[in-house]
Amino acid sequence: MWIDKDDGKKRPIGITEIEDKIVQKAVSMLMGAVYEQDFLPCSYGFREGRNAHDALAQLREQCMTHGIRWIDDADITGFFDNIDRGWLRSFIQRRINDGGIMRLIGKWLHAGVMDGATLSYTDKATPQGGVISPLLANIYLHHVLDVWFETEVKPRLRGHCFLVRFADDFVLGFQREDDARRVLQVLAKRFARFGLDLHPEKSRLIEFGRPARAQRSGQGANTFDFVGFTHYWARSRRGYWVIKRKTKRKTVKKHIQGIRAWCRRNRHRALEEQHRIISAKLRGHYQYFGVRGNLQALAAVREQVLRAWQYWLHRRSSKHAMPWSKFQALLERLPLPRPRIIHAV
């Protein structure tokens, strides 16, 4: 199965058999209990009691309370497709050297991929879509990035710095420009040692100080993306400079396109059924992106969804046309959920 990526490319997702899912879940729970004692506080992805909103809160707190002015916004090219299996087995054996578990992991890593009638094998990567894949990815980056940054990089820097990572999405923040530049240079070499590459266009150093200070130095305001949000400086209601988040533009576009396509394919279903499913899609969007300061972006998504639903209802047939006035009456009977802030982070 293939899904679309933000850059227009396709990402393969494996669909495993139910028996494999059960065994992978059991092994993942067993290994997770062991590695939870080792994983560092900077890691937030796919861990018990931690989520993306915790990572957002930590990122905002670090930037606002420690005078962070520079951000290394790095992106790993095809992370899951380029994990070196030899290094991964070596990392796991440092903590878990059980023969049965290692044989199971080896089988999952070397399983072929069936795409239509074609069966293919690769000598690297983890099976995306597998239950155990997020844990294996966390183990890999725990050794390649987290431990290295906390134990080797931090002590050598002159100013305050931090790392926040959610799966393969991570941000490095620095007080000093020279620290940020040094780390960005050695980061590429560090990843290359373990078979990973930084995306040449998406990896960059940006100035992210308070706007008043940036304007005095002749720099414009910069933004960066993390876990689906664009981060930027803006005035609070009381007039203070604060970091706000809004839904990433590409994410909004992808979400709206998905609902448009669904409305087109299902426009002949019963109105009540359409309303139930579209409402569920909107509530799911609000549940994740409903952070403080993002209400305007949520309202824009709802407005686009309303227009998409009305457009395809109107095109069902001339007999069941749905002009805007009739659609407004429908919304009084079947209103779509309104956006609300769920996460005060």
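Since we're looking at a predicted model, the values are computed, not measured.

J.: How do you make sense of helix α1 (residues 18-35) when you look at a structure like this?
T.: Each full turn of the α-helix corresponds to 3.6 residues, which orients residues three or four apart in the same direction. Helix length check: α1, at 18 residues, gives a terminal C-alpha distance of 25 Å against a target of 26 Å (1.5 Å per residue), a fit within 8%. Residues Gln 24, Val 27, Ser 28, Met 31 and Tyr 35 constitute the buried set of α1. Angular distribution of buried residues about the axis of α1 spans 110 degrees; they occupy a single face of the element. Pointing more than 90 degrees away from the buried face of α1 are the exposed residues Ile 18, Glu 19, Ile 22 and Met 29. The inward-facing, buried residues of α1 contact α3 (85-93), α4 (99-110) and α5 (133-153).

J.: Explanation requested: the pattern of salt bridges in the structure shown.
T.: Inspection of the entire model under this criterion finds 13 salt bridges. In this structure, Asp 38 and Arg 95 form a salt bridge, with 2.5 Å as the shortest nitrogen-oxygen distance. Linking Asp 38 in the loop between α1 and α2 (52-65) with Arg 95 in the loop between α3 and α4, this pair joins segments that are 57 residues apart in sequence. Judged by relative accessible area, which is 23%, Asp 38 ranks as partly exposed. Where Glu 303 meets Arg 307, a salt bridge forms, and the shortest distance between an N and an O atom there is 3.1 Å. Highlighted residues: Glu 303 and Arg 307, both in helix α10 (residues 295-314), separated by four residues, approximately one helical turn. A relative accessible area of 31% places Glu 303 in the partly exposed class. Accessibility expressed as a relative area gives 44% for Arg 307, which makes it partly exposed. Salt bridges sharing partners connect three or more residues here, namely Arg 158, Arg 176 and Asp 178.

J.: Where do I start with the pairing of strand β6 (residues 161-166) in this structure?
T.: Regular strands have side chains that alternate between both faces of the sheet. Most of β6 is tucked away, with six of its six residues classed as buried. What you see with β6 is no split at all: Cys 161, Leu 163 and Arg 165 on one side and Phe 162, Val 164 and Phe 166 on the other are buried throughout.

J.: Is there a simple way to think about the pairing of strand β11 (residues 241-247) in this case?
T.: Sheet topology places strand β10 (residues 229-235) next to β11; seven bridges connect them, and they run antiparallel. The residue bridging Trp 233 from the neighbouring strand is Ile 243, located in β11. Connecting the antiparallel pair β10 and β11 is a turn made up of five residues, with Gly 239 showing a positive phi of about 95 degrees.

J.: Teacher, can you tell me more about the packing of aromatic side chains here?
T.: How two aromatic rings sit relative to each other is given by the distance of their centres and the angle of their planes. Under the criterion given, the structure shown has 17 aromatic pairs. Aromatic side chains Trp 87 and Phe 194 sit 4.6 Å apart centroid to centroid with 65 degrees between the ring planes, which places their arrangement in the edge-to-face category. Remark: Phe 194 occurs in the loop between α6 (177-193) and β8 (204-207) and Trp 87 occurs in helix α3; sequence separation between them is 107 residues. What makes Phe 194 buried here is its relative accessible area of 3%. Taken together through their ring pairs, the aromatic side chains of Phe 79, Phe 80, Trp 87, Phe 91, Tyr 140 and Phe 194 make up a single cluster. Against the face of Tyr 44 rests Arg 50, its NZ or CZ located 4.5 Å from the ring centre.

J.: I tried to follow the nonpolar core on my own but got confused; where do I start?
T.: Across soluble globular proteins, you tend to see nonpolar side chains buried next to one another. One finds Ile 71, Phe 224, Phe 226, Trp 309, Phe 327 and Leu 330 to be the most contacted residues of the largest nonpolar core, which totals 47 residues. When contributions to this core are tallied by element, the ones reaching two or more residues are α2, β6, β9 (224-226), β10, α8 (249-265), α9 (271-289), α10 and α11 (324-333). Examining the composition of this core, we find that seven residues originate from one element, α10, more than from any other. Once you skip the residues sitting within four places of it in the chain, Trp 309 turns out to touch Cys 263, Leu 271, Gln 274, His 275, Ile 278, Phe 327, Leu 330, Leu 331 and Leu 336. Listed in part, the 45 residues of the second largest apolar core include Trp 108, Leu 135, Tyr 140 and Leu 157.

J.: I tried to follow the environment of Ile 71 on my own but got confused; where do I start?
T.: If you trace the backbone, Ile 71 turns up in strand β3 (residues 70-74). Setting aside its immediate chain neighbours within four residues, Ile 71 contacts Cys 63, Val 171, Leu 172, Gly 173, Arg 204, Leu 205, Ile 206, Phe 208 and Phe 224.

J.: What am I meant to see in unusual backbone geometry here?
T.: Trans is the common state for peptide bonds, and a negative phi is the common state for residues other than glycine. The backbone of Phe 46 sits at a positive phi, close to 55 degrees, despite the residue not being glycine. When you line up the elements, Phe 46 lands in the loop between α1 and α2. Positive phi, close to 45 degrees, is recorded for Val 227, a residue that is not glycine. In this structure, Val 227 sits in the loop between β9 and β10. The buried category is assigned to Val 227, whose relative accessible area is 9%.

Procedures and definitions
Residues numbered from 1 in each chain as written. Predicted model: local features only at pLDDT ≥ 70, side-chain atom pairs only at ≥ 80, totals over all residues. Heavy atoms only, no water. Helix = DSSP H or I, 4+ residues; strand = E, 2+ residues; numbered from the N terminus. Expected span 1.5 Å × (residues − 1). Buried < 20%, exposed > 50% of the residue type's maximum accessible area, 1.4 Å probe, protein only. Arc of directions from axis to C-beta. Contact = heavy atoms within 4.5 Å. Salt bridge = Lys/Arg side-chain N within 4 Å of Asp/Glu carboxyl O. Pairing = 2+ DSSP bridges. Phe/Tyr/Trp six-rings, centres within 6.5 Å; stacked < 30°, edge-to-face > 60°. Lys NZ or Arg CZ within 6 Å of the ring centre and 35° of its normal. Core = buried A, V, L, I, M, F, W, Y, C linked by side-chain atoms within 4.5 Å.

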